[in-house]
Amino acid sequence: FKQIVTACNSSMVKVWDIETGQHVFEYNNAHGNYAITSMIFDSSGRRLVTGGRDGLLRIWNYNNGQCLRTLKKGSTDEVTCVIHVTVSKNKYIVCVGWDRRINVFTDTTDSIHHEQHALPHWTDDEKRGHVEDILAVAANSITNHLATSSYDGEIIIWSLVSGHIFCRLKASPPDPSKTFDPLEGDAAVSTLVFLPARGVTRRAATLVACGPLGFVHFWNIYKGGKVMSCFNPGEDSGASLIDVNSSNTVLATGDNAGHVRLYNISEYCKEGTERSPPPLLSQWRAHTSTIKCFEFVSGVCPFELILSGSDDCSVRLWTGKGHYIGTLGQSTRWDIEDEDSYAYPRVPRDVLTEPLEIPEKVRSSLDSGTTQKETRNVRTELDDEDVVLDYQDQEGTRLRHIKHKPHPKTHDGPAVYHSLPCFELTDVPPSRNAPVIGSLDPLSILDAVEIESVRSEDMKLRPFTPKLGLKPKRSILNTTMKVLTATNIMKGLNK
């Protein structure tokens, strides 16, 4: 359908056209007054499944906002993640959350009931499952494995066929120099991604996890589980989210500062462990706050696109090289097939004006208490070479609009008389005295009737419209003929 669906904490779902970035449709109160915390498309891409803070799942026809079914898992605890899986031609919806259980629903259209309840919990899940809130879930349709991760950093691999535990994984603190407090969420594993394109090989890493401490871990889930690589994509906070493209050759990471990094993992951890991070393809700053969602988009144009959403309430579209296409809902349309319509080489305004993006000379002058006038002078003194050299030591992508130009003076608003409407008055000829009855002149009578018509119709406040060639109407001519006839009769009587 070439559409993008977004949701937010206000329980609103919006549909956008990916080819132009314009808003198409929206509906409110998808989960009442509760926030939407997760969503996924079914395998056909025609239905949308949403999970909310009310503990419910709902299946939608997202093109018209019709709720097709409500899924209840037995508790009102928040849903943190939902996926759609296929096992032996059978389709299921799996969700996890604060209830610390794996809830499985059969996805069938045979049922006539609007409400549907979850299948019984797996025995291993009830007896040996997670002891903390589950944050993420992922499935591998090639090997029929399901992976879940929790707040305490534990990853459990399950068999989708039997529901038994396949193995348990838990990484040690990756950086001993940093403080590690599990109660503060340092041990949490926020995202899990399988690499199904690597098949059933037992030598390669087939699972990628984000956490603990924002470190990216490549796991081999066979032979009890083994960490094959661990690296920190961000210098300070680490990654907040990861995702891979459909061919499992590119890994994308996002952090709390809004940076996006793309890595080449086509041959990474396929034959053994790795001590260095994978080759970095590109990096840029997409948002000014934490990146919450990633999506690789293919099939829309000749090259692959990246969709990113953040806590700053913006959803933006990028090329694989980090070229900025636009923000959903912006005033100007883009044409996804015409690269000249992209916003590149510009960058988002909020990213450009973020303090992290301001050169060190300007930032130091601001910190030292320089006045606005002095700061403007500093900005105008910077040339292109200074800005480029200064920015090479910082993160993000700074393009041609990097010089801060002086802003024009702003006033408190227009004066009162600026808002008054103005009207043009029609020029009216000076009034004339009434003609003497004894000497009636047909031309003077016609002129008087015309003046009276102008006074009655045009003495109004309205925009000025010039009149060319004013002609007497038929009613005026009739009046003139009657007056002339009466004059002749009076002359006959006098004789």
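So, here is what we can say about the structure in this document. (Residues numbered from 1 in each chain as written. Predicted model: local features only at pLDDT ≥ 70, side-chain atom pairs only at ≥ 80, totals over all residues. Heavy atoms only, no water.)

1. Concerning the overall build of the protein chain
Turning to step 1, where the next piece is worked out: Along the backbone of the protein chain there are seven helices and 27 strands.
Turning to step 2, where the next piece is worked out: Going through the 495 residues of the protein chain one by one, you find that 43% of them count as buried.
Turning to step 3, where the next piece is worked out: Within the protein chain, counting contacts between residues at least 6 apart in sequence, those at least 24 apart form 47% of the total.
Turning to step 4, where the next piece is worked out: Summed over all atoms, the accessible surface of the protein chain reaches about 27800 Å², with 52% contributed by carbon and sulfur. (Helix = DSSP H or I, 4+ residues; strand = E, 2+ residues; numbered from the N terminus. Buried < 20%, exposed > 50% of the residue type's maximum accessible area, 1.4 Å probe, protein only. Contact = heavy atoms within 4.5 Å. Areas by Shrake-Rupley, 256 points an atom, 1.4 Å probe, with all protein chains shown as cover.)

2. What about the pattern of salt bridges?
Turning to step 1, where the next piece is worked out: Applying the stated criterion across every chain yields a total of 15 salt bridges.
Turning to step 2, where the next piece is worked out: The partner of D107 in a salt bridge is R47, and the shortest N-O contact between them spans 2.7 Å. Of the two residues, D107 is situated in the loop between β10 (103–106) and β11 (115–117) and R47 in the loop between β4 (36–41) and β5 (48–52); the sequence distance between them amounts to 60 residues.
Turning to step 3, where the next piece is worked out: Taking the relative accessible area as the measure of exposure, D107 reaches 11% and is therefore buried.
Turning to step 4, where the next piece is worked out: In this structure, K73 engages D99 in a salt bridge whose closest nitrogen and oxygen atoms are separated by 3.5 Å. Residue K73 is located in the loop between β7 (66–72) and β8 (79–87), and its partner D99 is located in the loop between β9 (90–97) and β10; the two are separated by 26 residues in the primary sequence.
Turning to step 5, where the next piece is worked out: Residue classification places K73 among the buried positions, given a relative accessible area of 8%.
Turning to step 6, where the next piece is worked out: Here the salt bridges do not stand alone but share partners, grouping D42, R47 and D107 into one network. (Salt bridge = Lys/Arg side-chain N within 4 Å of Asp/Glu carboxyl O.)

3. Overview of the pairing of β5
As a general feature of sheets, a regular strand has side chains that alternate between the two faces.
Turning to step 1, where the next piece is worked out: Of all five residues in β5, five are buried; the element is thus mostly enclosed.
Turning to step 2, where the next piece is worked out: The alternating pattern of β5 places L48, T50 and G52 and V49 and G51 on opposite faces, both of which are buried.
Turning to step 3, where the next piece is worked out: Across five bridges, the pairing between β4 and β5 is antiparallel. Considered in β5, the bridge of F41 is made with L48.
Turning to step 4, where the next piece is worked out: The antiparallel hairpin formed by β4 and β5 contains six residues in its connecting segment, where G45 sits at a positive phi of about 75°.
Turning to step 5, where the next piece is worked out: The hairpin formed by β5 and strand β6 (residues 56–61) contains three residues between the paired strands, and G55 there has a positive phi angle of roughly 85°. (Pairing = 2+ DSSP bridges.)

4. Focus: the side chain of D54
Turning to step 1, where the next piece is worked out: Mapping D54 onto the fold places it in the loop between β5 and β6.
Turning to step 2, where the next piece is worked out: Residue D54 is classed as buried on the basis of its relative accessible area, which comes to 11%.
Turning to step 3, where the next piece is worked out: A polar side-chain atom of D54 sits 3.2 Å from the main-chain amide nitrogen of L56.
Turning to step 4, where the next piece is worked out: Ignoring sequence-local partners within four residues, the contact set of D54 consists of H31, Y34 and T76. (Polar contact = N/O pair within 3.5 Å; in protein donor to acceptor, adjacent residues only side chain to side chain.)

5. So, a negative patch on the surface
Turning to step 1, where the next piece is worked out: On the surface, a cluster of negative charge is made up of D335, E337, D338, E339 and D340.
Turning to step 2, where the next piece is worked out: Residue position: D338 is located in the loop between β27 (324–327) and α2 (349–352). (Patch = residues over 30% accessible without salt bridge, like charges linked within 9 Å, V, L, I, M, F, W, Y side chains within 5 Å. Lys, Arg positive; Asp, Glu negative; His and termini not counted. Charge placed at Lys NZ, Arg CZ, Asp CG, Glu CD.)

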